[in-house]
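Observations on the three-dimensional arrangement
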Amino acid sequence: MLNVAVVGVGGWGKNLARNYFQIPECSLKYVCDLSRPRLEELRRQFPGTAITTRFDDLVTDPELHACVIATTAASHYALAKAALRAGKDVFVEKPFVLEVHQAEELVHIAEQEGRILMVGHLLEYHPVVGRLKTMIDAHQLGDVYYMYNQRVNLGLVREDENALWSFAPHDVSALLYLLGKEPTDVAARGQSYLRRGVEDVVFITLNFDDRILAHIHVSWLDPHKIRKMTIVGSKKMVVFDDMENTEKLKIYDKSAEHNADYNTFAEYVTLRFGDITIPHLRIDEPLQLECRHFLECIRERRQPRSDGRDGVRVVKVLAAAQLSLEKNGMPIPVEPSEYRKAA
Ligand SMILES: NC(=O)c1ccc[n+]([C@@H]2O[C@H](COP(=O)([O-])OP(=O)(O)OC[C@H]3O[C@@H](n4cnc5c(N)ncnc54)[C@H](O)[C@@H]3O)[C@@H](O)[C@H]2O)c1
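Residues numbered from 1 in each chain as written. Predicted model: local features only at pLDDT ≥ 70, side-chain atom pairs only at ≥ 80, totals over all residues. Heavy atoms only, no water.

Overview of the sheet that holds strand β3 (residues 50-52)
Sheets are built from strands that pair by backbone hydrogen bonding, the pairs being arranged parallel or antiparallel. On the basis of which strands lie adjacent, the open sheet formed by six strands has the order β3-β2-β1-β4-β5-β6 and parallel pairing. Because the sheet does not close on itself, it has two edges, and the strands there are β3 and β6 (117-120). Pairwise comparison of adjacent strand axes, ignoring direction, gives a mean angle of 20° for this sheet. With three bridges connecting them, strand β2 (residues 26-32) and β3 associate as parallel partners. Residue pairing in the sheet places Tyr30 in a bridge with Ala50 of β3. (Pairing = 2+ DSSP bridges. Helix = DSSP H or I, 4+ residues; strand = E, 2+ residues; numbered from the N terminus. Axes fitted to C-alpha atoms, helices over the stretch in contact; angles between N-to-C directions.)

Notes on the packing of aromatic side chains
The full count for this structure, using the stated rule, is five aromatic pairs. Ring geometry for Tyr146 against Tyr148: centres 6.3 Å apart, planes inclined by 15°, an arrangement best described as stacked. With a relative accessible area of 38%, Tyr146 lands in the partly exposed category. For Tyr148, a relative accessible area of 35% gives the class partly exposed. Consider the rings of Phe167 and Trp220, whose centres lie 5.9 Å apart with planes at 75°: the pair is edge-to-face. Taken together, the positions of Phe167 in helix α7 (residues 163-179) and Trp220 in the loop between β10 (213-219) and β11 (221-233) put the pair 53 residues apart, joining distant regions of the chain. This pair shows no difference in class: Phe167 is buried, exactly as Trp220 is. One cation-aromatic arrangement involves Lys133 over Tyr177; the distance from NZ or CZ to the ring centre is 5.2 Å. (Phe/Tyr/Trp six-rings, centres within 6.5 Å; stacked < 30°, edge-to-face > 60°. Buried < 20%, exposed > 50% of the residue type's maximum accessible area, 1.4 Å probe, protein only. Lys NZ or Arg CZ within 6 Å of the ring centre and 35° of its normal.)

Digging into the site of the ligand
Taken together, 22 residues sit near the ligand, with Trp12, Asp33, Arg38, Lys94 and Arg158 positioned nearest. In this structure, an oxygen atom belonging to the ligand sits 3.0 Å away from a main-chain N or O atom of Gly11. If the ligand stood free it would expose 850 Å²; the protein chains cover 82% of that surface. In terms of residue class, the shell around the ligand is built from seven nonpolar, nine polar and six charged. Both domains that furnish three or more residues to the shell around the ligand are identified here as domain 1 (2-123) and domain 2 (125-286 + 316-333). (Near = heavy atom within 4 Å. Polar contact = N/O pair within 3.5 Å; in protein donor to acceptor, adjacent residues only side chain to side chain. Areas by Shrake-Rupley, 256 points an atom, 1.4 Å probe, with all protein chains shown as cover. Nonpolar A, V, L, I, M, F, W, Y, C, P; charged D, E, K, R; others polar. Domains from an automatic or database assignment.)

With respect to the pairing of strand β8 (residues 185-191)
Across seven bridges, β8 lies against strand β9 (residues 201-207) in antiparallel orientation. Bridge pairing in β9 links Ala187 to Thr205. Relative to strand β15 (residues 332-333), β8 runs antiparallel, the two being bridged by two bridges. Note on β15: the bridge partner recorded for Val186 is Ile332.

A look at the side chain of Asp307
As for its placement among the helices and strands, Asp307 is situated in the loop between α9 (286-300) and α10 (308-326). From its side chain, Asp307 meets the backbone nitrogen of Asp310 in a polar contact 2.9 Å long. Not counting residues up to four positions away in its chain, the partners in contact with Asp307 are Leu117, Met118 and Val119. (Contact = heavy atoms within 4.5 Å.)

Brief notes about the packing of helix α4 (residues 76-85) against helix α5 (residues 100-113)
Between α4 and α5, the shortest axis-to-axis distance is 9 Å and the interhelical angle comes to 10°. Classed by the angle they form, the pair α4 and α5 counts as roughly parallel. Contacts from Tyr77, Ala80, Lys81, Leu84 and Arg85 in α4 reach Gln102, Glu105, Leu106, Ile109, Ala110, Gln112 and Glu113 in α5. Of the residues in the contact of α4 with α5, the class split is six nonpolar, two polar and four charged. (Parallel < 35°, antiparallel > 145°, perpendicular 65-115°, else oblique.)

Describing the side chain of His293
Note that His293 resides in helix α9. What His293 contacts, discounting residues up to four positions off in sequence, is Met118, Tyr125, Arg302, Pro304 and Arg305.

Remarks on the packing of α5 against α10
Relative to each other, α5 and α10 sit at 175°, their axes nearing to 8 Å. Between α5 and α10, the angle is such that the two are roughly antiparallel. Listed contacts from α10 to Val100, Ala103, Glu104, Val107 and Glu111 of α5 are Gly308, Arg309, Val312, Val315, Lys316 and Ala319. Within the contact of α5 with α10, the residues separate by chemical class into six nonpolar, one polar and four charged.

Topic: the domain arrangement of the chain
Split by domain assignment, the chain resolves into domain 1 (2-123) and domain 2 (125-286 + 316-333). Distance between the C-alpha centres of domain 1 and domain 2: 30 Å. Facing the 13 residues of domain 1 at the interface are 17 residues of domain 2. Together domain 1 and domain 2 conceal approximately 1400 Å² of surface at their shared face, both sides included; 62% is due to carbon and sulfur atoms. By the criterion of area lost to domain 2, the three top residues of domain 1 are Lys94, Leu122 and Leu123, representing 49% of everything that side buries. On inspection of domain 1 and its partner domain 2, the count reaches one salt bridge. Of the charged contacts, one joins Glu285 and Arg18 as a salt bridge, the two residues approaching to 3.6 Å between their closest N and O atoms. Linking domain 1 to domain 2 there are four residue pairs in polar contact (both at pLDDT 80 or more). (Buried area = accessible area lost by both parts, 1.4 Å probe. Salt bridge = Lys/Arg side-chain N within 4 Å of Asp/Glu carboxyl O.)

Below, the structure is given as structure tokens:
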């Protein structure tokens, strides 16, 4: 039986705690939070689970196997480092950390200590993203031309991190996972209206080689609640709308083709309008799939899909986007990562 602790049981961490409490193959040994009232609220929900405000209780317990860190982003690095150094396997919520060198250091420590390190890139565990990955890898969309994501709503305004670091890790991790490569450069523009210096809305453009272009729009100051990804390929186009209950994925058999024989420009390109398919997909809760994946990787001692190296690649893109934001949208090159994703 794997003993797991969840550190940080605020708005999101309590969902992680609920999942680890419910999964029969593990035991939620501790929930840890600096807020005593928050812990007291959860005492009845998780009978048999110890509650503590002291992180030290976790790292000094030889029977604890894994720490799941869902505290505020600025504390991820120190907590993850201490847990890895204490020999625990570690899951860190997104954003993994706030600096590239911190991400690289955590990967290094995990490798040195022989520990599993996983980052909460939830979309990589979404069944629709899994289907999209299969389709892209099998070239069913043809060449991917471009893609764009929208993650906007009128919601929780954070004071310590901007919309880029709060929302975009999901989209960046999904794009990198789907394309299987890193962008060559990133540009971002944004604006803060509610709190000085904390951008409420950010538009990010990622350039890849092979002329692939990706765009991400994130905001917590928007009248719509949209969680949507559109991918345009040379053969097909797809839309993943996560706000739909059942029809989350639509595949458009539409494309534009070049004609070999033409006299005028109008004849050079033919637009093709085919069927729209809505595949039936079993949509298990991505969070539960993510938690189960972490436990499997611990048991089998294998690298998670969203491992620390994936975390490094995503933090590199976010850091480049942050720098671009500060430089009024100047494109910032992204150095190819030495942490190449394992196949
Ligand atoms: N995967 C997702 O879809 C998703 C969704 C929301 C939030 N998140 C991420 O989860 C993390 C937490 O977000 P949230 O919305 O729950 O924030 P929150 O502010 O509601 O909760 C954070 C909790 O961490 C506790 N905490 C802070 N520092 C601590 C420490 N050193 N030791 C113990 N406890 C500590 C705080 O007391 C608080 O209860 C963030 O990284 C956020 O980006 C992920």
